[in-house]
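Tertiary structure, described
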Amino acid sequence: MPALPNLLIATTNTGKLLEIREILSDVPFQINSLKDYATLAEPEENGSTFAENARKKALYYAHTIKTLTVADDSGLEIDALGGRPGIRSSRYPGDTYAKRFDNLYQELETLHGTRDSTARFVCSVALVWQGRVIFTADGTVEGQVASVPTGTGGFGYDPLFYYPPLDVTLAELTSAQKTAISHRGKAFRALKTYLQSWIKDL
């Protein structure tokens, strides 16, 4: 039986990697991550959008490791903060997410006197093969800033993101429930559909 083609998921984020592996579990690829390689210098994420950063990362790691590569960039946009933290979500002030939550709440209350705001998670995905981007996808999920962080599931900003249709934060959902509605789930399901078609033409 021939070896499965390799697909590199360009992340070391454990929570993100678990979600992506679950979505792509039945695609006919050998899935690796950056954890399977020696430490590499990271590309500068200096794009002005999630999509630009996803493309930059995918092109960089595909060139460095010489394999089919997918990268994503994602984050939380809070409308009352003009869309911040946005592409700087992972670099928002605070050395833990609990401290980042406190800082976001403080900023909202200082600027607006309330924690209330609509918000969304955004995910952009880029797939690179032989030096060029061959597929991109975007996913979003709309919600609100939770009045207090709630839930122990998920990772990152999930306890801060309230999803009105289910009356829960993303951190209160099971992995399967979250993936069914999340920004990353939407983007990577689109990638999955593309990969299942693309491999037939190899």
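Up top you'll find the structure we're talking about.
Before going into details, it helps to say that this report is about the structure given with it. (Residues numbered from 1 in each chain as written. Predicted model: local features only at pLDDT ≥ 70, side-chain atom pairs only at ≥ 80, totals over all residues. Heavy atoms only, no water.)

Comments concerning the side chain of Arg 100
- As for its position among the elements, Arg 100 is in helix α3 (residues 97–112).
- Of the side chains with opposite charge, Asp 95 comes closest to the buried, unpaired Arg 100, at an N-O distance of 7.5 Å.
- Beyond its immediate chain neighbours, meaning those up to four positions away, Arg 100 contacts Ser 89, Ser 90, Tyr 92, Pro 93, Gly 94 and Tyr 157. (Helix = DSSP H or I, 4+ residues; strand = E, 2+ residues; numbered from the N terminus. Buried < 20%, exposed > 50% of the residue type's maximum accessible area, 1.4 Å probe, protein only. Lys, Arg positive; Asp, Glu negative; His and termini not counted. Salt bridge = Lys/Arg side-chain N within 4 Å of Asp/Glu carboxyl O. Contact = heavy atoms within 4.5 Å.)

Quick word on unusual backbone geometry
- Cis geometry marks the peptide bond from Arg 84 to Pro 85; its omega dihedral reads 0 degrees.
- Counting through the fold element by element, Pro 85 comes out in the loop between β3 (69–78) and α3.
- Phi angles above zero are rare outside glycine, and Gln 130 is one such case at about 50 degrees.
- Topologically, Gln 130 is positioned in the loop between β4 (118–129) and β5 (132–145).
- The phi dihedral of Asp 167 is positive, around 60 degrees, even though this residue is not glycine.
- Within the secondary structure, Asp 167 sits in the loop between β6 (161–163) and β7 (168–169).

Observations concerning the nonpolar core
- If you look at the biggest cluster of nonpolar residues, it comprises 23 residues, and the most contacted ones within it are Leu 7, Leu 24, Phe 29, Leu 127, Phe 188 and Leu 191.
- Every element with two or more residues in this core is listed here: β1 (6–9), α1 (14–23), β4, β5 and α5 (183–198).
- Among the elements that make up this core, the one with the highest residue count is α5 (5 residues).
- Contact partners of Phe 29, with chain neighbours within four places excluded, come to Leu 4, Pro 5, Asn 6, Leu 7, Leu 68, Leu 195, Trp 198 and Ile 199.
- By size, the runner-up hydrophobic cluster in this structure holds 21 residues, among which are Leu 104, Val 145, Ala 146 and Tyr 157. (Core = buried A, V, L, I, M, F, W, Y, C linked by side-chain atoms within 4.5 Å.)

Some details on the sheet that holds β5
- An order of β2-β1-β3-β4-β5-β6-β7 is seen for the 7 strands of this open sheet, with the pairing classed as mixed. Of all strands in the sheet, those bounded by a partner on one side alone are β2 (30–33) and β7.
- For β5 and β6, the ladder comprises 2 bridges, and the chain directions are antiparallel. Each bridged residue has a counterpart across the sheet, and for Gln 144 the counterpart in β6 is Tyr 162.
- Along the sheet face, α1 touches β1, β2 and β3 and points at about 170 degrees away from the line of β2.
- Across the sheet, helix α2 (residues 50–65) touches β1, β3, β4 and β5, and the angle it forms with β3 is around 155 degrees. (Pairing = 2+ DSSP bridges. Axes fitted to C-alpha atoms, helices over the stretch in contact; angles between N-to-C directions.)

Looking at the packing of α1 against α5
- Where α1 contacts α5, the axes come no closer than 9 Å and their chain directions differ by 40 degrees. One finds that α1 runs oblique with respect to α5. Between α1 and α5 the crossing geometry is right-handed. Contacts from Lys 16, Glu 19, Ile 20 and Ile 23 of α1 reach α5 at Arg 184, Gly 185, Phe 188, Arg 189 and Lys 192.
- Taken together, the residues that form the contact of α1 with α5 break down as 3 nonpolar, 1 polar and 5 charged. (Parallel < 35°, antiparallel > 145°, perpendicular 65-115°, else oblique. Left-handed = near helix turned anticlockwise from the far one by under 90°. Nonpolar A, V, L, I, M, F, W, Y, C, P; charged D, E, K, R; others polar.)

None of this, on its own, says anything about what the molecule does.
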